[in-house]
Amino acid sequence: MRADFPDFRLGSVLATSFTGTLSERHGDAVERIPVPRRLVDWLAVYGLPVDSCTTAQLDLARELRESIHAAATAAAVQDALPAAAVHVINDRSTQGRAAAILTPEGERQWRLRSASRVEDALSVIAADAISIISGERDGRLALCASPTCRAAFFDTSRSRTRRWCDMNTCGNREKKARFNANQRRSGR
């Protein structure tokens, strides 16, 4: 990956990791897929290699990302799902061609058709979003407790009480801020 772009925030859930390609939404937003090549890189990290990406396809990806974020956020706070977001997610889900395959290790992987297009990869991401937002998968949607982040994430911890989208970024930053504030108050 190129060093002149921000690192990807990698998670174990495809759809919510995709929404993390725009982070710090309520602070100084960080766009992690600013150019089409960066989307190609991100998709490859998640086992969805595509041949190329145009600016128009990057726009489709960003529209899907924001729709997943809006729907996941609504689901996390138990609000009605935004109709426009549902429409985009459903539309992207049906526009690509991908097949689920079983690996020798007994895991599911997605195989895109031979001339892989971004739309095929986006259909996999949309299908993943549908499975978590609809409640098909074991876990719960939650919002990051960081006031500048508020990213939607899928909590699969045993207690379902996770507070941060990523402990290594938001969690550590918030705990460090709280520690420093306590140190200032105690005069150290």
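These figures come from a predicted structure and were not determined experimentally.

J.: A description of the nonpolar core should follow, citing residues and the corresponding values.
T.: In this structure, Phe18, Leu39, Trp42 and Ile125 are the most contacted members of the largest nonpolar core, which totals 36 residues. At the level of secondary structure, the elements contributing two or more residues to this core comprise helix H1 (14–19), helix H2 (36–45), helix H3 (55–76), helix H4 (83–95), helix H5 (118–133), strand S5 (140–143) and strand S6 (152–155). Looking at which element gives the most residues to this core, the answer is H5, with nine residues. Residues in contact with Trp42, not counting those within four places in the same chain, are Phe8, Leu14, Ser17, Phe18, Thr21, Ile33 and Ile125. Residues Cys144, Ala151, Phe153 and Trp164 belong to the second largest nonpolar core, which totals eight residues.

J.: Could you give an account of the pattern of salt bridges, naming the residues involved and the relevant values?
T.: All chains considered together, the criterion is met by 13 salt bridges. With its nearest N and O atoms 4.0 Å apart, the salt bridge here joins Arg38 to Asp41. One end of the pair is Arg38 and the other is Asp41, both in helix H2 and three residues apart, which spans about a single turn. Looking at Arg38, the relative accessible area reads 1%, which means it is buried. The class of Asp41 is buried, set by a relative accessible area of 16%. One salt bridge in this structure joins Arg137 and Asp128, with 2.4 Å as the shortest N-O distance. Note on Asp128: relative accessible area 7%, which makes it buried. If you follow the salt bridges from partner to partner, you end up with Arg25, Glu31, Arg62, Arg65 and Glu66 in one network.

Definitions and cut-offs
- Residues numbered from 1 in each chain as written.
- Predicted model: local features only at pLDDT ≥ 70, side-chain atom pairs only at ≥ 80, totals over all residues.
- Heavy atoms only, no water.
- Core = buried A, V, L, I, M, F, W, Y, C linked by side-chain atoms within 4.5 Å.
- Buried < 20%, exposed > 50% of the residue type's maximum accessible area, 1.4 Å probe, protein only.
- Helix = DSSP H or I, 4+ residues; strand = E, 2+ residues; numbered from the N terminus.
- Contact = heavy atoms within 4.5 Å.
- Salt bridge = Lys/Arg side-chain N within 4 Å of Asp/Glu carboxyl O.

Function cannot be inferred from these measures alone, as they are strictly geometric.
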